[in-house]
Amino acid sequence: MHDASGRPVDATQFDWTARLDLRETQFGWRFTLRGNAVRVFVEGAAEGLPGIIEVFQLPASGPFYLAVSPDARAEIEAWGSVSCQVFRPVAIRKGLPASWGLYWSSGLASGAGPCKSYSALSPPSSTRLLLRGGIRASRRNWFLPFGLPEVMLEAPLGGEIVTCAGVELHSDGGIYRLPTELPREQKQVVEACRGGQVTRSQPFYVIGDFTWQWTTPLVCLDRFGAPKDSSLSQKGGAAGASVAGFSPTQAAYSPAPSCFERRRVFFVGREAGQIISWPAEPVPHTWQPVWAIPLERKGRAIFCGTDIAASEPLPARPGADRKKLKLWKELLYHRQKRIGAPQSPRLAQLWRKFQEAARRA
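Procedures and definitions
Residues numbered from 1 in each chain as written. Predicted model: local features only at pLDDT ≥ 70, side-chain atom pairs only at ≥ 80, totals over all residues. Heavy atoms only, no water. Helix = DSSP H or I, 4+ residues; strand = E, 2+ residues; numbered from the N terminus. Buried < 20%, exposed > 50% of the residue type's maximum accessible area, 1.4 Å probe, protein only. Areas by Shrake-Rupley, 256 points an atom, 1.4 Å probe, with all protein chains shown as cover. Arc of directions from axis to C-beta. Contact = heavy atoms within 4.5 Å. Salt bridge = Lys/Arg side-chain N within 4 Å of Asp/Glu carboxyl O. Patch = residues over 30% accessible without salt bridge, like charges linked within 9 Å, V, L, I, M, F, W, Y side chains within 5 Å. Lys, Arg positive; Asp, Glu negative; His and termini not counted. Charge placed at Lys NZ, Arg CZ, Asp CG, Glu CD. Pairing = 2+ DSSP bridges. Axes fitted to C-alpha atoms, helices over the stretch in contact; angles between N-to-C directions. Phe/Tyr/Trp six-rings, centres within 6.5 Å; stacked < 30°, edge-to-face > 60°. Lys NZ or Arg CZ within 6 Å of the ring centre and 35° of its normal. Parallel < 35°, antiparallel > 145°, perpendicular 65-115°, else oblique. Left-handed = near helix turned anticlockwise from the far one by under 90°.

Student: Please give an account of the overall build of the protein chain that cites residues and values.
Tutor: Tallying secondary structure elements over the protein chain gives three helices and 24 strands in all. Across the 361 residues in the protein chain, those meeting the buried criterion constitute 35%. A total accessible area of about 23,000 Å² is found for the protein chain, and carbon and sulfur atoms account for 52% of it.

Following this line, the structure appears as C-alpha cells:
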C-alpha cells in the first residue's frame, strides 16, 4: 500500500483500535478496517497467500496469532492460559503499533470459553465447511474441473467424517482435497458427518466444456515474442494459445487413456461412413475422428474432436463405402442402448444429433 506520493505506508502508525477507511484513487475502490484492541491472525496458506492474514473469528482448530493492545494484555493472557492448549508471547521488534504484543496459540483447548470483553475471542459454536482456493467460473461456487478447491472443516466438537460423491476425504493438516475425477455439469456436495448424521454440507458445481467468449486479442505477438505494430503489414501472430496468419496443420486428436484398455475401439468421424475399428484397422489420416467408442458388451462415447461447434454430423459423400456406411449406422443407431452418452449437456446434445443422423442414413 502506498500513499498519494507513492511512498509505502507504515501501517504501525495507524490507531488499530479505531476504524480505518481507505480509498484507491485510480479505480475508486474503498476498504474499511474495523477497529479492535485484539486482532486475530492465521496462516494464509489456506487462502493461497504468504505469511499470516487477519480473520474475524477464532478457528475451531489449529494455531492462530493474537495482536494485543496494551490495555487488553492482562485479560488476554489470563484467557489464553485457560482456553488455549499452548499460549505464549512472540518476540517481535517491528510490525505492530507501539506497546502492542503478539501471542501464538497452538489451538483452542477442549471446552474453551469466550473472552468476555472481546467478542472476536469466542470459540465457533457451529460446524463450518469452507471451500478455499480453486479456479471459479463465476462468483458462485462454480469451479473449473482442473482448478478444484480445497475443503476446510471447522468443527468445535471434532470427530466429523468429510465425504464428497460417496468418497471419504482425508485430512492433511486440516485441509481436505477433493477427488480429481468428479462428474462435470453436476451439482456436488461436500458433507461433514458425525455419528452417521450430516452436521454440515457445502454444495458446489463443476462445469464442463464452455465456449471462450473473448474472440479479439488485446495484444498480438510476432514470432520473436514482441508486440506487433498494427500499423505495419506483418503476417502471422499469436495471442496466448490463439494463432493467426499461418497455414493450419492437421489437428491431432488424443482419446482418453481408458480407450486403450479395451480390446476394440471404434473411431467415428462426422461424415456418415467415416468409421474404423481399432486396432484391426489403423487410425485414420484422411479425416478427423469426433468420437472414440471403446466397446465390448457395453461402451461409452468419448469426444475426441477439436471443436464441438464444428463437429456436427454430415451426410455421406458420393461413392462412400457401403460397408462403412452400414457399420456407421449400426454402431450409432442400432447399438445406441449399449453406448453411454457423454455427461456434458453440450456433448450429449451432439451425440443425439449423430444418433439421429445415423437413423436417417
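The structure having been displayed, the exposition proceeds.
Student: Explain helix α1 (residues 73-83) residue by residue, including any values.
Tutor: Those residues of α1 that fall on the buried side of the exposure criterion are Ile76, Trp79, Gly80 and Ser83. Projected onto a plane normal to the axis of α1, the buried residues spread over an arc of 100 degrees and lie on a single side. α1 presents Ala74, Ser81 and Val82 as exposed residues on the side facing more than 90 degrees away from its buried surface. Against the buried residues of α1 lie β3 (38-43), β5 (64-68) and β6 (87-90).

Student: Quick one: what's the story with the environment of Cys84, residue by residue and with numbers?
Tutor: Of note, Cys84 is situated in the loop between α1 and β6. Each C-alpha atom, one on Cys84 and one on Ser105, is 6.4 Å from the other, the two residues being 21 residues apart in sequence. Leaving out residues up to four positions away in the same chain, Cys84 has contacts with Phe64, Trp79, Ser105, Gly107, Leu108 and Ala109.

Student: So what's going on with the pattern of salt bridges? Residues and values would help.
Tutor: Under the defined criterion, the tally for this structure stands at 10 salt bridges. With a closest N to O distance of 2.5 Å, Glu281 and Lys324 form a salt bridge. Here Lys324 lies in helix α2 (residues 322-334) and Glu281 lies in the loop between β20 (275-278) and β21 (291-294), a separation of 43 residues in the sequence. Classification of Glu281 by relative accessible area gives partly exposed; the value is 25%. The shortest N-O distance in the salt bridge between Glu356 and Arg360 comes to 3.3 Å. Separated by four residues within a single helix, Glu356 and Arg360 lie in helix α3 (residues 345-360), roughly one turn from each other.

Student: I'd like a rundown of a positive patch on the surface, residues and numbers included.
Tutor: Among the surface-exposed residues, Arg264, Arg297, Lys298 and Arg338 lie close enough to one another that they form a single positively charged patch. You can see Arg264 is positioned in the loop between β18 (242-244) and β19 (265-268).

Student: Please give an account of the sheet that holds strand β4 (residues 52-55) that cites residues and values.
Tutor: Across a sheet, paired strands are connected by hydrogen bonds in the backbone, their directions being either parallel or antiparallel. Here we have five strands laid out as an open sheet, ordered β4-β3-β5-β7-β6, and antiparallel in their pairing. Each edge of the open sheet is held by one strand with a lone partner, namely β4 and β6. This sheet shows a mean twist of 35 degrees between the axes of neighbouring strands, independent of strand direction. Bridge count between β6 and strand β7 (residues 101-105): four bridges; the pairing is antiparallel. Looking across to β7, one finds that Pro89 is bridged to Tyr103. α1 contacts β3, β5, β6 and β7 of the sheet and is inclined by roughly 160 degrees relative to β5.

Student: Help me get a handle on the packing of aromatic side chains, residues and values and all.
Tutor: Going through the model one piece at a time under the given rule, you end up with eight aromatic pairs. Aromatic pair Phe87 and Tyr103: ring centres 5.2 Å apart, planes at 5 degrees, arrangement stacked. With Phe87 in strand β6 and Tyr103 in strand β7, this residue pair connects regions lying 16 residues apart in the sequence. Considered together, Phe87 and Tyr103 belong to a single accessibility category, that of buried residues. Ring geometry for Phe143 against Phe204: centres 6.4 Å apart, planes inclined by 75 degrees, an arrangement best described as edge-to-face. One end of the pair, Phe143, is in strand β9 (residues 142-143); the other, Phe204, is in strand β16 (residues 197-206), and 61 residues separate them in sequence. Exposure class is identical for Phe143 and Phe204. Each is buried. Each residue in the set Trp291, Phe303, Trp328, Trp351 and Phe354 is aromatic and connected to the rest through ring pairs, giving one cluster. Seen from the ring of Phe56, Arg34 lies directly overhead, with NZ or CZ sitting 4.0 Å from the centre.

Student: Describe the side chain of Gln274, naming the residues involved and giving the relevant values.
Tutor: On the secondary structure map, Gln274 appears in the loop between β19 and β20. In this view, Gln274 contacts Phe267, Val268, Gly269, Trp287 and Trp328; residues no more than four positions away in its chain are not counted.

Student: I'd love a proper account of the packing of α2 against α3, names of residues and values included.
Tutor: Packing of α2 against α3 brings their axes to within 8 Å, and their N-to-C directions diverge by 125 degrees. Comparing the axis directions of α2 and α3 gives the class oblique. The crossing of α2 and α3 is left-handed. Contact residues: Trp328, Lys329, Leu332 and Tyr333 in α2; Trp351, Phe354, Gln355, Ala357, Ala358, Arg359 and Arg360 in α3.

Student: A description of the sheet that holds strand β11 (residues 161-164) should follow, citing residues and the corresponding values.
Tutor: In spatial order, the strands read β9-β16-β15-β11-β12; together these five strands make up an open sheet with mixed pairing. Of all the strands in the sheet, just β9 and β12 (167-168) have a single pairing partner and so form its edges. Of the pairings in the sheet, the one linking strand β15 (residues 186-194) to β16 comprises nine bridges and is antiparallel in character. Bridging from a neighbouring strand, Cys193 pairs with Val198 of β16.

Student: Describe in detail the environment of Leu129, supporting the description with residues and values.
Tutor: Within the secondary structure layout, Leu129 lies in strand β8 (residues 128-132). For Leu129, a relative accessible area of 4% gives the class buried. When near neighbours in sequence (up to four residues on either side) are disregarded, Leu129 contacts Val151, Met152, Leu153, Val190, Glu191, Ala192, Arg200, Ser201 and Gln202.

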